[in-house]
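A closer look at the structure
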6 protein chains.
Amino acid sequence: MDAPPATERIARAGYDYVVLDGQHGLIGYEGLLNGLLAIDAGGSTGLVRVEANDPTPIGRALDAGAAGVIVPLIDTADDVALAVRAAKYPPVGRRSFGPMRSALRFGPEPAKANAETVVLAMIETAQALANVEAICATPQLDGLYVGPVDLSLALGARYPGDPEIADAFEDAVARIAAAAATAGIAAGIHTFDGENANRRLKQGYSFATVSSDLSHLEAIAAEHLRVARG
Amino acid sequence: MDAPPATERIARAGYDYVVLDGQHGLIGYEGLLNGLLAIDAGGSTGLVRVEANDPTPIGRALDAGAAGVIVPLIDTADDVALAVRAAKYPPVGRRSFGPMRSALRFGPEPAKANAETVVLAMIETAQALANVEAICATPQLDGLYVGPVDLSLALGARYPGDPEIADAFEDAVARIAAAAATAGIAAGIHTFDGENANRRLKQGYSFATVSSDLSHLEAIAAEHLRVARG
Amino acid sequence: MDAPPATERIARAGYDYVVLDGQHGLIGYEGLLNGLLAIDAGGSTGLVRVEANDPTPIGRALDAGAAGVIVPLIDTADDVALAVRAAKYPPVGRRSFGPMRSALRFGPEPAKANAETVVLAMIETAQALANVEAICATPQLDGLYVGPVDLSLALGARYPGDPEIADAFEDAVARIAAAAATAGIAAGIHTFDGENANRRLKQGYSFATVSSDLSHLEAIAAEHLRVARG
Amino acid sequence: MDAPPATERIARAGYDYVVLDGQHGLIGYEGLLNGLLAIDAGGSTGLVRVEANDPTPIGRALDAGAAGVIVPLIDTADDVALAVRAAKYPPVGRRSFGPMRSALRFGPEPAKANAETVVLAMIETAQALANVEAICATPQLDGLYVGPVDLSLALGARYPGDPEIADAFEDAVARIAAAAATAGIAAGIHTFDGENANRRLKQGYSFATVSSDLSHLEAIAAEHLRVARG
Amino acid sequence: MDAPPATERIARAGYDYVVLDGQHGLIGYEGLLNGLLAIDAGGSTGLVRVEANDPTPIGRALDAGAAGVIVPLIDTADDVALAVRAAKYPPVGRRSFGPMRSALRFGPEPAKANAETVVLAMIETAQALANVEAICATPQLDGLYVGPVDLSLALGARYPGDPEIADAFEDAVARIAAAAATAGIAAGIHTFDGENANRRLKQGYSFATVSSDLSHLEAIAAEHLRVARG
Amino acid sequence: MDAPPATERIARAGYDYVVLDGQHGLIGYEGLLNGLLAIDAGGSTGLVRVEANDPTPIGRALDAGAAGVIVPLIDTADDVALAVRAAKYPPVGRRSFGPMRSALRFGPEPAKANAETVVLAMIETAQALANVEAICATPQLDGLYVGPVDLSLALGARYPGDPEIADAFEDAVARIAAAAATAGIAAGIHTFDGENANRRLKQGYSFATVSSDLSHLEAIAAEHLRVARG
Ligand SMILES: [Mg+2]
Ligand SMILES: [Mg+2]
Ligand SMILES: [Mg+2]
Ligand SMILES: [Mg+2]
Ligand SMILES: [Mg+2]
Ligand SMILES: [Mg+2]
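Residues numbered from 1 in each chain as written. Chains lettered and ligands numbered in written order. Predicted model: local features only at pLDDT ≥ 70, side-chain atom pairs only at ≥ 80, totals over all residues. Heavy atoms only, no water.

1. Considerations on the pattern of salt bridges
- Per the stated rule, a full pass over the model turns up 66 salt bridges over all chains.
- One salt bridge in this structure joins R200(E) and E170(E), with 2.9 Å as the shortest N-O distance. You can see R200(E) sitting in helix α11 (residues 194-202) and its partner E170(E) sitting in helix α10 (residues 166-183), a full 30 residues away along the chain.
- The salt bridge partner of R199(F) is E170(F), with a shortest N-O separation of 3.8 Å. (Salt bridge = Lys/Arg side-chain N within 4 Å of Asp/Glu carboxyl O. Helix = DSSP H or I, 4+ residues; strand = E, 2+ residues; numbered from the N terminus.)

2. Concerning empty space enclosed by the protein
- Enumeration over the complete set of coordinates arrives at 4 cavities of 30 Å³ or more.
- Space inside the largest cavity adds up to approximately 340 Å³.
- Of the residues belonging to the lining of the largest cavity, the class tally is 16 nonpolar, 8 polar and 6 charged. (1 Å grid on protein atoms, 1.4 Å probe; cavity = no way out; pocket = protein on both sides within 12 Å on 5 of 7 lines; lining within 4 Å. Points joined across faces, edges and corners; volume = space filled by probe spheres on them. Nonpolar A, V, L, I, M, F, W, Y, C, P; charged D, E, K, R; others polar.)

3. Section: the interface of chain A and chain F
- Contact with chain A, which involves 17 residues of that partner, is made by 22 residues of chain F.
- Summing both partners gives a buried area of about 1,600 Å² for chain A against chain F, and 58% of it is carried by carbon and sulfur.
- The largest per-residue losses of area from chain A upon contact with chain F belong to R60(A), R94(A) and M100(A), which jointly make up 34% of the total buried on that side.
- If you look at where chain A meets chain F, you find 2 salt bridges.
- As a salt-bridge pair, R60(A) and E51(F) come within 3.8 Å of each other at their nearest N and O atoms. (Contact = heavy atoms within 4.5 Å. Buried area = accessible area lost by both parts, 1.4 Å probe.)

4. Quick word on the coordination of the magnesium ion (ligand 2)
- The protein atoms donating to the magnesium ion (ligand 2) are S96(B) (OG), E124(D) (OE) and D150(D) (OD), with metal-donor distances spanning 2.0 to 2.2 Å. Placement of S96(B) in the loop between α4 (77-87) and α5 (102-106) and of D150(D) in helix α9 (residues 148-154) is noted, with the two residues assigned to different chains. The residues S96(B) and D150(D) share a single accessibility class, namely buried. (Donors = N, O, S within 2.8 Å, 3.2 Å for Na, K, Ca; no water. Buried < 20%, exposed > 50% of the residue type's maximum accessible area, 1.4 Å probe, protein only.)

5. Focus: the relation of the copies chain A and chain F
- For these two chains of identical sequence, chain A goes onto chain F by a turn of 120° and a shift of 0.0 Å along the axis, with RMSD 0.0 Å. As the rotation angle and translation indicate, the two copies are arranged about a three-fold axis. (Least-squares fit on C-alpha atoms with pLDDT ≥ 70 in both.)

Take a look at the structure:
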C-alpha cells in the first residue's frame, strides 16, 4: 500500500525486513521509492516483491534502494538465472549501472553490490514445486519464498484455505523447506498471522512475512466494529 | 493516512461514517479528495475533521464531497458560529458557491445543501468544557465531538491515559453527553477500540469513532510480531 | 487522463462502462487506481485498456479493480490466448492471486473471478483483420474492440480520417462485426462523438466508446473561445 | 482540476489567460504548481484564484509562477488593501522574497515584480456590490472579477440561474462595469459558455473566463451519450 | 523542492540539520511529509520553515516529524508568543495532541515534546530589527534566524545584494547576533555559499543554512554548460 | 529526479536538450510526464532514456511529448530495429496511434512524426562495442549514445573510473565516434562535468550530456559544507 508513514510504523515495530509488494500491493513506482525511504527512516531493511521476472522492475527496485528482490512466478532454474542476471552487474549478470539509492547502501563497487544484493525465488506454481531442487541449485540464489495461496491453487484448491488440499499443501511446504536446507539457502513463507509464522519458523523456515497492511487494517476495523455494536 | 484503497476497505467494513483527519492525519489536500472518493466507492459517508476553524479548509472539504465537518479547538459559542458561517451558504452563512463534488450529493440548491451539511464542534479544551451548554445552543450546530486526549490534557493529565484525572475525565464526558441531550443535538466521541466505543454508546453517545488507521496498523503489526517470535 | 473527479463525473453521466486508457491516456499506475475508485464512486463499471499484451499490466489492472481489460495490438489467436492466460487464474490461466480490489467485486473464489473477468481484444492491425475469424474463436474471449485510427493506418491511411481508405475501412468494420456475431461474442468500437456511436450501434456493434476526456475538453474549449470572440 | 496535460490543451487553445482555481477547483498545491508549468508550456498566462484573501496562498501562488491573483470574497476597500499588501514586496506591501518561479517571469527586482503582478478583486457579495466604487479606488488594484453565482445568491437567488433576480443581477453587472470604467481598471466576469462571454465583452467587460474544465467535460459527455442512445 | 531522494542526499552530506521550506520552497504538504521521512532516512534532523505564523502549518509540520519550526515574518515579541503557543502543548501552549510522526521522536509525553521542540523566529522585517531585543526575551524561544534578502529589502535595498545598503545590512546582522548572545539563545542565518556561512559562524552565528537545492542546481548546471561550450 | 521546477531550471539554463532518465532516474510515469511539461515550459527539448528496449515505455515516452528516446542495453543491430519499430508508426514500425502530447509537437500525420522522432542507441555493453559498425547501419537510427560507466565495466573495470582500463575505454570511445561518423549519424556521450563534455565535443562527439541533477546537488552540497566548516 502506498502510505509511507504507515510503512515506517511497521518498519519500527521491529521486523527484520519489510516487503513492499510491487506485484499485488496497489503501489506504483513513486510508492515504492517513498516506501523504501520510509523503511530506512524506520530502521528496518526493505525488500521488494517485483511485479514480474523482468529486468526492468528488478533493476528499478534495486536502484531505488531495495536490499533485495522477491521474484514471483518462477517455474524453472532458468527463470532464476534470468532473475539473477537482472539483479547483478557484469560479469555475473547484466544489470545496468545507476545505483541512485542503492549506492547509499552498498557503495559504488559493482562486485560488492553483487555480493550483498539478495535474490529470492517465489515457489508458487506446480512447475516450481516439481523443479524445486534444481531451482535451489541455481548459482547466486539466496533463498526461496513460498506464495501459499498461489501454491495451494496450483495444488487444486478451489479457494484460499480449501481444506481438501491441506495435506498436499503441508507436504509441499515441507519439501520446499527440505530442498532449501539441502542447498544451504534460506526459505521463507508468507503467512497471515503471527501464530502461523511461529509454526513455520519452528518447521525450519528461516523467515516468515506476516500478512499485509491492507488485510491487517481490514481485519481490525471489522473486529472493532463488531465489538462496538455489542 | 493518504491511502485510498485502505480508506475504501474501512468504508466497506460497515461503519456508518468514516472520518478523514485533516488536522493530525498526515494527509494533504489530494489525499482528502481521493479519500472522499474512496469512501463513496466503499458505500459509507465521509466526514472531514478540518485542520482548523477557518473558512478555507471548511469550504474545501465540503466542496470535495464531505457530508460534514468536525471542527477542532472550539472554545465558545462564537467559535461555533464562525464554523457554521463557513459551512453554510448565504443567507445563513458565507460559504462561496462552487460545490464541485458536494453538488453530486446535495444538488445545486444552496438551501438544500445548508440543511444537509453537518457541523460538529470538538469539545477538547478547558474553555469548551466550561462553555459546553452555551456551545450546544448555537443555531445550526448538529452535534458535539469529544477529543479525549486533548480534553484529558486540558484537565491536567501528564500523558494520554493518565489515571490521576480519570474521574475528572469521566465527569466531563458525562457533562458533555448531558448538555447535548438537553439541547437535542448529537454527541460523539473518539475511542481507541470497539469495547470503549460500545461503553460510550451505552452512556448516551450517539456515535463513536473507533481508533485511527495508523494506530490500527501499528498495534496489529506489533502483536503479530510478538506471537511469531514466540 | 489522471483526474479522478473528472472520471467520476463521466461515470455519473450514465455510461455503462468507462475505459481508463493505460496505453495512450497519459496516466500512470496511481492514476489507474484512483480512476477505478472514482468510477466505482460514480456508479459505473471500469475497464482498463492496458498498455500492452503483457501479464504485468493485465494482472495489475485487474487487481486494482477493473472489471476487465482491453488488450491492444493483438495480431493472432495466440496473442489472445496469452492475454486470457494473464487475466485468468489457474487452471484456466496463470494470473497470480492477490485480488486486492478485485475481490471486493468478485469475492475470493478464483473460478468465480475467472467467469466474470472480461477480456476484449483490439482489432487494429492488418494481421488482426486478416485473422479476425480465428481470433473470435479463442476460448474465453469476451469480445472485440476496434481501434479505428490504427486500423485505418494499417489500411493505408496517410492520416486519421483519410478519405482515400474510407471504403476499405467500412468494409473492415463490417467484417469485424460479422465475425463477432458469428462467434457469439461482443463487438465494440471507439468513436469520436455520439452520432458516430449511434451509427455503429445500429450496425450491430454492441457497445461504443465515445471519445476521450482530453479531446472532449479541447474541442469544447476551442468552440467556446470561437463564440466568445464573435 | 489537477490534470496538467488538460490544462496545457486549454492553454494552447488560444486563450489570453487561464485561471487555476485554488478555491473551488479540487486542486492542491502540487496541482497549482504543475498547472502553472503546463500553462507556460502551452504558451498562455496563468492566473490563480486563491483560496482566500490570506497572505499565504497569495504569496505561494505568485512564487509558483502565477502572473496574478484573483482574490475571492472581497467586501471592502480595506480587504483589497490587504490583498495588495500580500501580493507586493516592500515598501508597497509585505510579500516575503522567494520568487522561485516568478523570478523566471519578472526577474529578481522587487519593484519590477510589483509593477507587473496583477491583483484582481472578486465582486460576489452584497457588501462588495455596495462598496464597488470605493473598492475600485484602492491603489494597486488592477481589476474586478465578477463571481456570478455567489453574486446572484447575495441578491436573493434561490439557486444558480434563478430568473426572479435576473433584472437585479443585470443591474449589478452593469454597475460593476461602470465603476471599473470610471476608475480606469479592468472588469472581468466568469461565464458559462462562449455566447455569454461574447455578450459581456460587448457590454464593456474587458475579459471573460469561460466555464470550467469539469463542467465542460460533464456537459459534452452527457451530450454525446444522449446522441449515441438515439 | 519536493524531491525526497535529493533531500536524502543532502541530509547524508553531513549537515546537522536540513530545512524544508514550506514558504517559498515550491513544496506542498505531501512533499513536506516525504521530505521529513527522507531526512530521517539520511540521518540528519529536519526543520520546517512554515508558510506563516499560523497554528495550522506549525502543528502540521511538527506532527509530520519536524524537530522544530522556523517562523517567518515575525515583527514583535507577541508574534513569537503566538508561534510558541502553536508549537507547544498545554499548559504552555495550545497545540492539539496528535503527534503522528513526532511521537516517534519524542514519545507521547507532552511535557517532553514541549521541552524538545525547537522554535526559531525569523528576523527579516524592519519592525523585527527594531524589536529584536524584546523578541529574544520571549519565553520558550530557542533562537533567531536571519532572512537576509527580506531584511535587506526592509533596509532599502533595490534588489538582492544591493551594495548601497551593505553597511546597514552588516550592522543589522551584528545587532541580531549580539541580541541573541545577550539573551542566551541561538542565532542562525541563511547564506548562499559555504564561504559566506563560514564568515557568519566566525561572527558568532551558531548555525548557518547554506543555499537552497534549486539554486544549487541552477548554478552548477549553468557552470557546466559554460565550460562545456568552451 | 521527479522535480518539475528543478527540471525547468535546467531547461532554462540553455541546454539544447534535457534528458529525463526513465531507467536509473528514480522517476515514475507521472514524473516523466510533468518533467516533459517542465522542459517545454523552460524552452528546451525533452528526450527520455527509456527503462528498457520495450515498445511500452518507448511509446509512452513519445506519447507524453518526448522528442526522442535513448534506448539502453542495445547489443545488436536487431535490437536497434526493435527500438525503431516501437518508435515509428506503420508502415515503418508498429507504434500505436495516440499521440496525446506528441501531436502538439509534430501534428497528427504519422509520416511527419516518424520523420522527426529521434531514436538513439546506447553503446554500453561488450557486444554493442563489437557490433557498433553494424548497429550504425540500422535504418532510421539517428545516433549513438555512450554509457561510460556500463561500458567501462564491460571492459573489465572494477569500479567507475578504474584507471586500469582507461586506455581500453578511450579506444572504445574513439571507435564509437568513428563508426558514427562513417555512418553519418550523431554520437553523444554522458559526461560528469563541463570540462569532460568539452573534451568529447572536440573529439568529434556532436552532443554530450552533463551529469545528473542528483549528482550535481550532492557534489555542491558537500562542497559548501566543507567550505563552511573551514
Ligand atoms: Mg547503463
Ligand atoms: Mg465565489
Ligand atoms: Mg503469487
Ligand atoms: Mg522571507
Ligand atoms: Mg485535538
Ligand atoms: Mg492503438
